[in-house]
Amino acid sequence: GAVVSQHPSWVICKSGTSVKIECRSLDFQATTMFWYRQFPKQSLMLMATSNEGSKATYEQGVEKDKFLINHASLTLSTLTVTSAHPEDSSFYICSARVGPFNEQFFGPGTRLTVL
Amino acid sequence: SQKIEQNSEALNIQEGKTATLTCNYTNYSPAYLQWYRQDPGRGPVFLLLIRENEKEKRKERLKVTFDTTLKQSLFHITASQPADSATYLCALDRGGGSGNTGKLIFGQGTTLQVKP
């Protein structure tokens, strides 16, 4: 099946710093990728849709200036959490859809801890 | 608003038995429904997709049913093994009957524990 990777797998940072998370499709091209966030004991919540060559679209309640998304190539999307605060601590997961019926392949996730 | 509900209580079964997980949805007419497996600290892994005109779908020991009248999907694992222990998520495309946005809404997941 299609493989999606993420880097880093975990990161700890100080409050106020910015963190960049990379999402790569390894064996296919993805014009669209998705970014989700998952808090402990909760399900995945869609944050934004990343479109290659155009602006990302954000879900209601997600601050676009705080969560910067760049999809500069068909195999790479990045999520930058700017001026991170402890409440941004979460598990961030990207995905890309493959096939006509939207089977989605997810990355392994990035655990962000903001101190 | 659109809502997906899965049994939040953990399901504990004995090895070799069939596990049955339930996914109910409201305010929604999906074109298809997906099931994923998620292990702790990992991203979800796609298992099965079933379309609205399919009553049942199978893949090895997995079986999914889809009842659009009841607005319910059942996910079965036959001959369960301890390695099947994980959280299972159902997901629907936000686009509903029109398809195909790729924007998934997930249920909260049901944790399955298979005891040897």
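Residues numbered from 1 in each chain as written. Chains lettered and ligands numbered in written order. Predicted model: local features only at pLDDT ≥ 70, side-chain atom pairs only at ≥ 80, totals over all residues. Heavy atoms only, no water.

Caption draft 1: Quick look at the state of the cysteines. Applying the stated rule across the entire model yields two disulfides over all chains. At a sulfur-sulfur separation of 2.0 Å, the disulfide partner of Cys23 of chain A is Cys94 of chain A. The sign of the S-S torsion, about 85°, decides the handedness of the disulfide formed by Cys23 of chain A and Cys94 of chain A: right-handed. With Cys23 of chain A in strand 3 (residues 19–25) and Cys94 of chain A in strand 9 (residues 90–98), this residue pair connects regions lying 71 residues apart in the sequence. Overall, Cys23 of chain A belongs to the buried group, its relative accessible area being 0%. Shown here is the disulfide that connects Cys23 of chain B with Cys90 of chain B, its sulfur atoms set 2.0 Å apart. One quick way to see it: the torsion about the S-S bond of Cys23 of chain B and Cys90 of chain B is about 70°, and its sign makes the bridge right-handed. Pair noted here: Cys23 of chain B is in strand 3 (residues 19–26) and Cys90 of chain B is in strand 9 (residues 86–93), with a separation of 67 residues, a long-range link. (Disulfide = S-S within 2.5 Å. Helix = DSSP H or I, 4+ residues; strand = E, 2+ residues; numbered from the N terminus. Buried < 20%, exposed > 50% of the residue type's maximum accessible area, 1.4 Å probe, protein only.)

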